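Structural overview for review
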Amino acid sequence: MSEKLALVTGASRGIGKACALELAKAGYDIIINYVGNAEAAEKTVQEIKALGVDAAAYKFDVSNKEEVDKSIAEIVEKYGRIDVLVNNAGITRDGLFMRMSDENWNAVINTNLSSAFFVSQPVVKIMMKQRSGAIVNMASVVGVSGNAGQANYSAAKAGLIGLTKTLAKELGSRGIRVNAVAPGFINTDMTKDLDTSKFTDFIPLKRLGEPEDIAKAVKFLAVDAEYVTGQVLEVDGGLII
Ligand code: NAI
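Residues numbered from 1 in each chain as written. Predicted model: local features only at pLDDT ≥ 70, side-chain atom pairs only at ≥ 80, totals over all residues. Heavy atoms only, no water.

**Overview of the sheet that holds strand 2 (residues 29-34)**
- Overall, parallel pairing links the seven strands, which are arranged 3-2-1-4-5-6-7 in an open sheet. On the outer flanks of this sheet lie strand 3 (55-59) and strand 7 (232-235), each paired with one strand and no other. Strand-to-strand twist across the sheet, computed as the mean angle between neighbouring axes with direction ignored, equals 20°.
- Bridging between strand 2 and strand 3 involves five bridges; their strand directions are parallel. Across the sheet, the residue bridging to I30 is A55, located in strand 3.
- On top of the sheet, helix 1 (residues 14-25) reaches strand 1 (5-8), strand 2, strand 4 (84-87) and strand 5 (133-138); it is set at about 175° to strand 1, its chief contact.
- Seen against the sheet, helix 3 (residues 65-79) touches strand 1, strand 2 and strand 3 and runs at an angle of roughly 155° to strand 3. (Pairing = 2+ DSSP bridges. Helix = DSSP H or I, 4+ residues; strand = E, 2+ residues; numbered from the N terminus. Axes fitted to C-alpha atoms, helices over the stretch in contact; angles between N-to-C directions. Contact = heavy atoms within 4.5 Å.)

Structure, rendered in structure tokens:
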């Protein structure tokens, strides 16, 4: 066991998995959270362990406060500390605002925004006792710029940015830093059904991002950026300059 532990939500695949691997490379023991695919979660755990740190997977729905509380209590009981939290889990339910169902609004707000409230509260409790910790929230460029067809998602991501800045102000004196990463278009399951070829024209770096591009920024904010808090780092190839 190393001395430091990182918890990454929604980490059995995509950006969350890349973040978990990057933090493992930095020497952190890793807890990955997943909600559906136990097989993928176990595979990720094995990949992390192969890097020489400890890893475990906890199944819970980040939008369900009871499940979150129970799992975080178990993690704290077993490991005694949480040094880094990456609030990464998220979903999209796209559609034009005037046609958006209550169900799609609530699902996206609960999974992408309320989840960060549910997960961060018990984690901050242990970080306050440690008098140290770092939280990175996975926002999105659309939380900064808005996006037609994503009223629910951009509202949730903008909310995450407000939460990030507020927690940075509330928790800085306790040695806890809180930042956000705002990815642009990243090659994952979330974007696999989009015709992304047309987007590259608008991206100064002329390519989509890879999960590892985001993971490096998350690791920078979580581990290296010791005098940085309350910031939103856009990792988008220049998309919304
Ligand atoms: P993904 O769909 O591959 O990963 C999302 C992960 O969250 C999955 O593992 C999923 O099982 C998990 N998840 C969903 N609902 C959950 C719940 N209720 N409880 C626990 N886990 C849950 O997509 P991707 O791209 O890796 O997304 C990761 C984060 O990055 C999300 O917050 C997404 O909004 C954000 N993002 C992604 C962008 C992209 O272009 N792919 C752009 C901007 C932000």
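**Section: the pattern of salt bridges**
- Scanning all chains against the criterion turns up nine salt bridges.
- D83 is the salt-bridge partner of R81, the closest N and O atoms lying 2.6 Å from each other.
- On the basis of relative accessible area, D83 is assigned to the buried category, the value being 4%.
- Notably, a salt bridge pairs D213 with R207, separated by 2.9 Å at the nearest N-O pair.
- A relative accessible area of 42% places R207 in the partly exposed class.
- One network of salt bridges, in which partners are shared, links K17, K43 and E47. (Salt bridge = Lys/Arg side-chain N within 4 Å of Asp/Glu carboxyl O. Buried < 20%, exposed > 50% of the residue type's maximum accessible area, 1.4 Å probe, protein only.)

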